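Given next are the chains, with one letter for each unit.
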Amino acid sequence: MDTLKTHVVHGGTLSYLSHQSAATGTPMQLSVFVPPGKGPFPVALWLSGLTCTEDNFTTKAGAYEAAARLGLIVVAPDTSPRGEGVADDEAYDLGQGAGFYVDATEAPWAPHFCMETYVTRDLVELIDAHFPTTGRRAILGHSMGGHGALTLALNHPHLFASVSAFAPIASSTRCPWGEKALTAYLGADRDRWARHDATLLIEAGVAHGQFDDILIDQGDADPFLGEQLRPELLTAAAEAAGQRLTLRMQPGYDHSYFFMASFIADHLAFHAKRLKA
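Residues numbered from 1 in each chain as written. Predicted model: local features only at pLDDT ≥ 70, side-chain atom pairs only at ≥ 80, totals over all residues. Heavy atoms only, no water.

1. A short note on the overall build of the chain
Where we set the bar: Helical segments are the DSSP runs of H or I of at least four residues, strand segments are the runs of E of at least two, and each set is numbered from the N terminus. Based on C-alpha atoms, the radius of gyration is set beside the globule rule, defined as 2.2 Å times the residue count to the power 0.38. Between buried and exposed lies partly exposed: a residue is buried under 20% and exposed over 50% of the maximum accessible area for its type, with that area taken using a 1.4 Å probe on protein chains only. The Shrake-Rupley method, run with a 1.4 Å probe, gives the accessible areas here. Residue values count only the displayed protein chains as cover. A residue counts as positive if it is Lys or Arg and as negative if it is Asp or Glu; His and the chain ends are not included. Each charge is placed at NZ for Lys, CZ for Arg, CG for Asp and CD for Glu.
Check the secondary structure of the chain and you find 9 helices and 9 strands. Here the C-alpha atoms of the chain give a radius of gyration of 17 Å, agreeing with the 19 Å that 2.2 N^0.38 yields for 277 residues. Each principal axis of the C-alpha distribution contributes one length, and for the chain these read about 50 × 45 × 35 Å. Counting over 277 residues, the chain shows a buried share of 58%. Accessible area of the chain: about 10,600 Å², with a carbon and sulfur share of 52%. Averaging the coordinates of the 19 positive side-chain charges in the chain and doing the same for the 31 negative ones gives two points 8 Å apart.

2. A short note on the pairing of strand E4 (residues 41–47)
Note the threshold: By definition, two strands form a pair when at least two bridges between them are found by DSSP.
With 7 of 7 residues buried, E4 is to be regarded as a mostly interior element. Of the strand pairs in this sheet, E4 and strand E6 (residues 133–142) are connected by 6 bridges, and their pairing is parallel. If you follow Ala 44 over to E6, its bridge partner there is Ala 138. Note: E4 against strand E5 (residues 73–77), 3 bridges, orientation parallel. Within E5, the residue paired with Ala 44 across the bridge is Val 74.

3. Thoughts on the nonpolar core
The condition is simple: Take the buried residues of types Ala, Val, Leu, Ile, Met, Phe, Trp, Tyr and Cys, join any two whose side-chain atoms come within 4.5 Å, and each joined set is a nonpolar core. Contacts are residue-level and defined by heavy atoms, with any inter-residue pair within 4.5 Å sufficient.
Among the nonpolar cores identified, the biggest contains 93 residues, and Phe 57 and Tyr 185 are the most heavily contacted of them. Element by element, the count of residues in this core is highest for helix H9 (residues 257–275), at 8 residues. With near-sequence residues (within four places) excluded, Phe 57 lies in contact with Trp 46, Ser 48, Ala 63, Tyr 64, Val 74, Ala 76, Tyr 257 and Ile 264.

4. Considerations on the packing of aromatic side chains
Cut-off, in case you're wondering: Each Phe, Tyr or Trp ring (for Trp, its six-membered ring) is paired with any other whose centre lies within 6.5 Å, and the angle between the two planes then decides the class: stacked below 30 degrees, edge-to-face above 60, tilted in between.
Evaluation of the coordinates by the stated rule reveals 11 aromatic pairs. Between Phe 113 and Tyr 185, the ring centres sit 5.6 Å apart and the planes meet at 20°, which makes this aromatic pair stacked. Separated by 72 residues along the polypeptide, Phe 113 in the loop between E5 and helix H3 (115–130) and Tyr 185 in helix H5 (residues 176–186) bring together distant segments of the chain. For the pair Phe 259 and Phe 263, a centre-to-centre distance of 5.9 Å together with 70° between the ring planes defines the contact as edge-to-face.

5. Re the side chain of Gln 250
Tracing the backbone through its elements, the reader meets Gln 250 in strand E9 (residues 245–250). Gln 250 gets classed as buried once you look at its relative accessible area, which sits at 12%. The residues contacting Gln 250, other than those within four sequence positions of it, are Asp 217, Gln 218, Gly 219, Asp 220, Phe 259 and Phe 263.

6. What to know about unusual backbone geometry
For the bond from Gly 39 to Pro 40, the omega torsion is 5°, close enough to zero to count as cis. Cis geometry marks the peptide bond from Ala 107 to Pro 108, where omega comes out at 0°. A positive phi angle, close to 60°, is found at Tyr 101, a residue other than glycine. Within the element layout of this structure, Tyr 101 appears in the loop between E5 and H3.

7. Details of the side chain of Asn 56
If you trace the backbone, Asn 56 turns up in helix H1 (residues 54–60). For Asn 56, a relative accessible area of 17% puts it in the buried group. Apart from the residues within four sequence positions on either side, Asn 56 is in contact with Ala 61 and Tyr 257.

8. Concerning the sheet that holds E9
For clarity, the threshold we go by: Only C-alpha atoms enter the line fits that serve as axes; for helices the fit covers just the stretch in contact. Angles between N-to-C directions range over 0 to 180 degrees.
Taken in spatial order, the 9 strands line up as E1-E2-E3-E5-E4-E6-E7-E8-E9 in an open sheet, and their pairing is mixed. In the strand order of this sheet, the two ends are held by strand E1 (2–9) and E9, each with one partner. Strand after strand, the sheet turns through a mean of 20° between neighbouring axes, direction not considered. Pairing geometry for E6 and strand E7 (residues 162–166), over 5 bridges, is parallel. When the sheet's bridge partners are listed, Ala 138 is paired in E7 with Ser 162. Contacting E4, E6, E7, strand E8 (214–219) and E9, H9 runs over the sheet at an angle of about 170° to E7.

This is the structure in structure tokens:
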């Protein structure tokens, strides 16, 4: 693991790092904030949305004052493999910057686009090996990353004590972004898509008994609300399955990092309470 740069912020240390991933077969970059003190600390793992890198959340979300106060390590990885020889697409919603947190099975994506395994194996092991963690972690994210946080938590509940999301893609099999990405990465058989759809997972009862609550914040001025995000599908599935899910519709907020910066402290507090229980 290579340290690219470090900063002191709110008494803690923020590092930009690069390491070789076995899952993607490429170097992957991430940022890690470690709060002041000796630790050990629980981990909040953030997943970003379409077109983002490890830097967007790190510089825009304003998370580190709350993370320092709550005693949380905050990890923000890149959203996809990148580099020479890595498949890409001219569109912003496929290829590099748009990994969708799945393990691709189709050409030309399969050799490198293994973001589910990257997050749930390589990244988890890297952070626990190199930082003073308690071994307990939460996962949260935005948009495509909100989809990733929900589906990875539901598919790997042994890894995560809690989950939340900002403006997540609630049902990836029923929106243009998700249908395009899942067709490209996993093929045309929609049955293979189901484990990457948070709404379908909750409908199937996967979440039952795993999480005492799932926190969702959604801006009602989000331009993607009706066509791409569809949070009403999540709430209906949770109600039918008996899964507690708190959806907070925030008046006037859009899809930007201004939205996340306004409520990130609430989410970190939500996770700290559960990580330290």
